[in-house]
Amino acid sequence: MKSLIKIFFTVAILSGTINIVSAQTTKKEKQATKAAKIKELLDAHHYVFKATYVIPQRGNSKSLDYGYDVIVSKDTVTAYLPYYGRVTVAPIDPTDGGVKFTSTNFDYTTKQAKNGSYNITITPKDAGNQGSKDVRYLRVNVSTNGYASLQVLCNNRDPISFNGDIEERKAKK
């Protein structure tokens, strides 16, 4: 009877160990797949930064509702983000608040850090477009699992930062 109990416990321990090793392998495979997908999106310039949290230079940080994003493609960058902070030159148009612009003339540089994350700098050059004339650059830091932080540096406003996720752009219907 004692040998039967020992065999039962040995089998239970071995099966538990196999499950743990299998789960770790699956988790590593999922992480590798996610990292490859993020790299593919960034290399193709075909992604959306979804802002979930805003960190102004002055005032309190806060969570954001659905709908604030930066859409990046090879030929266009569209930003629709809120702004909280000090503005040194008020916009002429009162609806010109926030960080809202569409740019078709911009520089886009990507550098990969040693830890595998990506540092992207987007510099709009079309000063005639509403909103982009104030934005000096957008700097996006993307981890291999898709989490990202965005810093926006403007000419006439305090800098502001956002945290969020990188996602694939959905095709327009």
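Just so you know, these numbers come straight off a predicted model, no measurement behind them. (Residues numbered from 1 in each chain as written. Predicted model: local features only at pLDDT ≥ 70, side-chain atom pairs only at ≥ 80, totals over all residues. Heavy atoms only, no water.)

## A closer look at the pattern of salt bridges
Then, in step 1: Inspection of the entire model under this criterion finds 5 salt bridges.
Then, in step 2: A salt bridge links Asp158 to Arg58, with the nearest nitrogen and oxygen atoms 2.5 Å apart. Placement of Asp158 in the loop between strand 9 (147-154) and strand 10 (160-168) and of Arg58 in the loop between strand 1 (47-56) and strand 2 (62-63) is noted, with a sequence separation of 100 residues between them.
Then, in step 3: What makes Asp158 buried here is its relative accessible area of 11%.
Then, in step 4: Assessed through its relative accessible area of 43%, Arg58 is described here as partly exposed. (Salt bridge = Lys/Arg side-chain N within 4 Å of Asp/Glu carboxyl O. Helix = DSSP H or I, 4+ residues; strand = E, 2+ residues; numbered from the N terminus. Buried < 20%, exposed > 50% of the residue type's maximum accessible area, 1.4 Å probe, protein only.)

## So, the side chain of Ser103
Then, in step 1: Structurally, the position occupied by Ser103 is in strand 5 (residues 99-103).
Then, in step 2: Note on Ser103: relative accessible area 0%, which makes it buried.
Then, in step 3: Here the side chain of Ser103 touches Asn105 through a polar contact of 3.2 Å, landing on its backbone oxygen. (Polar contact = N/O pair within 3.5 Å; in protein donor to acceptor, adjacent residues only side chain to side chain.)

## Topic: the pairing of strand 10
Then, in step 1: Pairing between strand 1 and strand 10: 9 bridges, direction antiparallel. The residue of strand 10 that forms the bridge with Val48 is Glu167.
Then, in step 2: Bridge count between strand 9 and strand 10: 6 bridges; the pairing is antiparallel. Each residue of the ladder has a partner; that of Ala148, found in strand 10, is Gly164.
Then, in step 3: Linking two consecutive strands that pair antiparallel, namely strand 9 and strand 10, is a turn of 5 residues. (Pairing = 2+ DSSP bridges.)

## Observations concerning the environment of Val87
Then, in step 1: You can see Val87 is positioned in the loop between strand 4 (77-81) and strand 5.
Then, in step 2: When the C-alpha atoms of Val87 and Arg157 are compared, they prove to be 4.4 Å apart, with 70 residues separating the residues in sequence.
Then, in step 3: Dropping the residues within four chain positions of it, Val87 is found in contact with Asn156 and Arg157. (Contact = heavy atoms within 4.5 Å.)

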